Each structure stands twice: as C-alpha cells, then as structure tokens.
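Letter by letter, the chains look like this.
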Number of protein chains: 2
Amino acid sequence: MAKRHYTYNDIHKTVQRLADKVVEFKPDVMVAIGGGGFIPARMLRGMLTARGMKVPIFAVSLELYDDETNTTRSSVTRLQWLGENSDSVSDVRGKRVLVVDEVDDTRTTLAYCVNELQKTNQPATMAVMVVHNKLKDKRHALSDDIPYFAENVEGDAWICYPWECDDIDEHDRLALQEKVIEKAILRLESSLQFNLGSRR
Amino acid sequence: MAKRHYTYNDIHKTVQRLADKVVEFKPDVMVAIGGGGFIPARMLRGMLTARGMKVPIFAVSLELYDDETNTTRSSVTRLQWLGENSDSVSDVRGKRVLVVDEVDDTRTTLAYCVNELQKTNQPATMAVMVVHNKLKDKRHALSDDIPYFAENVEGDAWICYPWECDDIDEHDRLALQEKVIEKAILRLESSLQFNLGSRR
C-alpha cells in the first residue's frame, strides 16, 4: 500500500478543478461533514464566491463505527446535525445541497449523510463533492441521480493529508519526493514500452 | 494599508505554535465559527490528536451585519447553532469549550459567540483561539477570565488568506515576496540604528 502525501496546495488545486464542475450544479448551500469536510468546503466557498456564487456552509458531525456489518444506520452516530432551533432546517429544505467531505472510502458516512438529509431536511436536490474517491468496492451506494464530483485515487492508497501531519515541511518534502518518483516511473514505463515496441 | 499574504503552511505553523498553549487549557470540545474557523479548527484537531487529545469539532455559523452601532445582538444572526435535536447541547454543557475562528477584527462575532454559548449552552469554561488578532480598538470585549490564544498582527493589516485566493501559486509568490521585503527592511533598520549609534 503506497503512501500518498498531499500538500495543502495540492488539495486547493484539486478542489479548484472540481469547483469548475460544481458551479454547473448551482448549489444553494453546502453541508460539510465534519471534521474532514471542513477544509475542502471552506476552500470551495472562496472559489464559488470568485465565480459570483454565495454559498453558505452548514456543518454536520458524524461518528462512524466500523462494525463490519452492512447496516448503515447502526454504524453511524450523529454528533451534530442541522438544528431546528436555528432555522437551518428551513435553510436546507427545498434547496440545492452540496454535501462535502474529504475522502470517500467505504461510502458509509456519505450514504448515511445523504439519506438522512433526504429524510429529515427535504432538500430539492443533492450532489456530493469529495476531494478523493478511492476506487474500490463500496459498502454503501449513492443514488444514481446524485451528481458526484471527486478526484479518483487507487483503492488501496494510504492518503496522508497535510492537516493530519506533525511536521509540514517534512510532509511537503515527502509529497514532492513521491511526485518525482511517480514521474520517473512513468518515464521508465513509456521508455520500456517504446523499446519493446521497436523490437517487435 | 499593507497586504499580508499567508500561505497554508504559514497558517499551519501558526496554529501549531498556538496548539502548544491550547493543550494547557485542555479543551473537551471545539466550537468552530464557520466558515472562517473551519480550517484552523481542523488543523488544530490533528495537532491535538498528535498530542494525545481527542477533541471533536462542533460548528456554528453566524452572519455579521456591520451596522456601526454598539449593539452586538442586533448585528449578528445565527445561521446554524448547536442543535437541541442532536444532543450537541448536552455535549457542550459542563465542558471545556475552545471557540475557534480565523481572525479577530472588531471582536463582534467572537463576543457574540462566547456570550451566546455561555447563555444557551452552559459550558464549564471557555477559551478562544484565533489565527490572527488585529491589534486595534475592539468594538466588543471578552471577559478577562477567558484564555485567549492568537498571533498578533498590525491593526490595519489587510490579511489575504490562501482559501480566499484564486491563483494559489501567485498567492504564495506574493507571500514569499513580502517576507523577503520585510527581512530587507529589518536589516536596513538595524543597519541604520547601528550607524546612527556609532556616530554618537
């Protein structure tokens, strides 16, 4: 399992690429899944503002219990949800909601969040943006009519986010090193293919 | 008014320096003021985890109406608060709460948030962490018994955060340029003082 270090600027640029697609969905409001969704949601808000769209961020906080069963409901707990006492339910009701998180691994949290919003808060429509989607079998599914914006990564990638690191300079050095190695491998591969091709 | 560009890594390192002081407060939970508080809160959570403290993040979202009066209550609107329906009120009640935001300018939002938490959610005690505190006259005050963690900046600084920028490479170039110029000015100043001193 290869480690993948992403710098803050890597994440910023990925969210920027996704923002170009998100604008077409025309979200009224974001629902950031905390804590992972907080940084990408805040980045995205600035980018949407620059594109003339004012999209407020609401936050929900969920705790995922990985109980290795297929029952979504029993394995996710709400720590914070959109509250009745703050008019935020009505703020989401009938609106175009973009759910934001950092990574889609088993899809459990995302599926729970989308289903729960649908049931409790009745948005007009929903879409999902995650920074990274691991290409692997998912334990839960999202409805096909939900637009999904993400950068795909290998299913077994061991993702290291900058906000989880202790030494940011060392983290960035590792990120750069991985990029250099990846480039070298790609060059080696294409060179090998060229040589194999010319031998045939 | 001088522009000050901060890179993501600048912010990360500032939050890291503040984290060393925050641990002494021993927060049970963070309340991030959205959207500004989301990024520093998420950074801080990773750093506290690395120091053996599991501190969940709850989010509140406020809208500040700058009506140029001194009435806090009329100028801030709750967009999202800690909801009754999610047990998050009880999660804050009786706990040590760290309120997190990006910048303390007029102190209006911070004061509103701290007062409102005190009144509605009855934490045991509170502290405040902001990335930057502008050294200027504040329109609202925080109680003296509230520990306050921040990096101080000039009162008239025009702060440019990376999550507000369109071109992150250009943003980082400007940040570096400002650091180089600031260093040069400091050297020039100390050199002038040395020459003036030796002439006396």
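Residues take numbers from 1 onward in each chain, read along the sequence in its written order. Going through the entries in the order they are written, you letter the chains from A and number the ligands from 1. Thresholds applied to this predicted model are a pLDDT of at least 70 for local features of residues and 80 or more for the giving and counting of side-chain atom pairs; totals over whole chains, interfaces and linings are not thresholded and use all residues. The side-chain numbers reported here are obtained from all heavy atoms of the structure, hydrogens and water having been left aside.

1. Re the overall build of chain A
Then step 1. When its secondary structure is counted, chain A shows 6 helices and 8 strands.
Then step 2. For chain A, the N- to C-terminal ordering of α and β elements is β-α-β-α-β-α-β-α-β-α-β-β-β-α.
Then step 3. Taking the principal axes of the C-alpha coordinates as reference, chain A spans close to 70 × 45 × 40 Å.
Then step 4. Exposure classes here rest on a 1.4 Å probe applied to the protein chains alone. A residue is buried below 20% of its type maximum, exposed above 50%, and partly exposed in between. Within chain A, buried positions represent 50% of all 200 residues.
Then step 5. Counted as positive: Lys and Arg. Counted as negative: Asp and Glu, with His and the chain ends omitted from the count. One atom stands in for each charge, and that atom is NZ of Lys, CZ of Arg, CG of Asp or CD of Glu. Looking at charge distribution, chain A has the averaged site of its 27 positive side-chain charges lying 6 Å from that of its 31 negative ones. The numbering of helices and of strands both runs from the N terminus, where a helix is a DSSP run of H or I of at least 4 residues and a strand a run of E of at least 2.

2. Side note on the confidence of the model for chain A
Regions with low pLDDT carry predicted coordinates that are not meant to be interpreted in detail.
Then step 1. Overall, the prediction assigns chain A a mean pLDDT of 89, with 90% of residues at 70 or greater.
Then step 2. Ranking the helices and strands of chain A by mean pLDDT puts strand S6 (residues 125–135) of chain A first, with 98, and helix H3 (residues 72–75) of chain A last, with 54. Each residue carries a pLDDT score, the predictor's confidence in it, ranging from 0 to 100.

3. What about the packing of aromatic side chains?
Then step 1. Stacked, tilted and edge-to-face are the three classes assigned to paired rings of Phe, Tyr and Trp, where Trp is represented by its six-membered ring and a pair needs centres within 6.5 Å; plane angles under 30 degrees give stacked, over 60 edge-to-face, the rest tilted. Taken as a whole and judged by the stated rule, the model has 8 aromatic pairs over all chains.
Then step 2. A ring pair is formed by Tyr161 of chain A and Trp163 of chain A, whose centres lie 4.9 Å apart and whose planes are at 5 degrees; its orientation type is stacked.
Then step 3. With relative accessibility at 0%, the residue Trp163 of chain A sits in the buried group.
Then step 4. In this structure an aromatic cluster arises from ring pairing among Tyr6, Tyr8, Tyr161 and Trp163 of chain A together with Tyr6, Tyr8, Tyr161 and Trp163 of chain B.
Then step 5. By definition here, charges over rings are those cases where NZ of Lys or CZ of Arg is within 6 Å of the ring centre and within 35 degrees of the ring normal. For the cation-ring pair, Arg96 of chain B lies above Phe25 of chain B, with the distance from its terminal atom to the ring centre recorded as 4.7 Å.

4. Digging into the relation of the copies chain A and chain B
Then step 1. Alignment of copies: least-squares fit on C-alpha atoms of residues with pLDDT of at least 70 in both copies. Structural alignment of chain A on chain B gives an RMSD of 0.0 Å, achieved by rotating through 180 degrees and translating 0.0 Å along the axis. Within this description, the copies of the chain are treated as partners about a two-fold rotation axis.
Then step 2. Residues count as neighbours in contact if any of their non-hydrogen atoms are within 4.5 Å of one another. In this assembly, 100% of the residues forming the interface of chain A have copies in chain B that are likewise at the interface, indicating an isologous arrangement.

5. A short note on the sheet that holds S6 of chain A
Residue and element names in this part refer to chain A.
Then step 1. Pairing within the open sheet is mixed, and its 6 strands lie in the order S4-S3-S2-S5-S6-S7. Every interior strand has two partners, whereas the edge strands, strand S4 (76–80) and strand S7 (148–154), have only one. The average angle at which neighbouring strand axes cross in this sheet is 25 degrees, direction not considered.
Then step 2. Bridge count between S6 and S7: 6 bridges; the pairing is parallel. Within S7, the position partnered with Asn133 by the bridge is Asn152.
Then step 3. Helix axes are fitted to C-alpha atoms over the stretch in contact, other axes to C-alpha atoms as well, and angles between N-to-C directions run from 0 to 180 degrees. Helix-sheet contacts for helix H2 (residues 38–50) involve strand S2 (29–34), strand S3 (57–64), strand S5 (96–104) and S6, and the interaxial angle to S2 is about 160 degrees. Each pair of strands is called paired provided DSSP finds at least two bridges between the two strands.

6. Side note on unusual backbone geometry
Residues and elements named next belong to chain A.
Then step 1. Backbone torsion omega between Gly34 and Gly35 reads -10 degrees, so that peptide bond is classified as cis.
Then step 2. Tracing the chain through its elements places Gly35 in the loop between S2 and H2.
Then step 3. Within the chain, Lys26 stands out as a residue other than glycine whose phi angle is a positive 55 degrees.
Then step 4. Along the chain, Lys26 turns up in the loop between helix H1 (8–25) and S2.

7. Overview of the pattern of salt bridges
When charged atoms on two side chains of opposite charge get close, those side chains can pair.
Then step 1. When a carboxyl oxygen of Asp or Glu lies within 4 Å of a side-chain nitrogen of Lys or Arg, that pair is called a salt bridge. Within this structure, the stated rule accounts for 30 salt bridges over all chains.
Then step 2. Residue Glu154 of chain B is joined to Arg4 of chain B by a salt bridge in which the shortest nitrogen-to-oxygen separation is 3.3 Å. One end of the pair, Glu154 of chain B, is in strand S7 (residues 148–154); the other, Arg4 of chain B, is in strand S1 (residues 3–5), and 150 residues separate them in sequence.
Then step 3. On the basis of relative accessible area, Glu154 of chain B is assigned to the partly exposed category, the value being 37%.
Then step 4. For Arg4 of chain B, a relative accessible area of 22% gives the class partly exposed.
Then step 5. When salt bridges with common partners are traced through the structure, they connect Arg4, Glu154 and Glu182 of chain A into a single cluster.

8. Quick word on the sheet that holds strand S4 (residues 76–80) of chain B
Residues and elements named next belong to chain B.
Then step 1. Taken in spatial order, the 6 strands line up as S4-S3-S2-S5-S6-S7 in an open sheet, and their pairing is mixed. If you trace the sheet from one side to the other, it starts and ends with S4 and S7, each paired once. Pairwise comparison of adjacent strand axes, ignoring direction, gives a mean angle of 25 degrees for this sheet.
Then step 2. The pairing of strand S3 (residues 57–64) with S4 spans 4 bridges and is antiparallel. Within S4, the position partnered with Ser61 by the bridge is Gln80.
Then step 3. Here helix H1 (residues 8–25) sits on the sheet in contact with strand S5 (96–104), strand S6 (125–135) and S7, set at roughly 150 degrees to S6.
Then step 4. Its contacts with the sheet put helix H2 (residues 38–50) on strand S2 (29–34), S3, S5 and S6, and the angle it makes with S2 is roughly 160 degrees.

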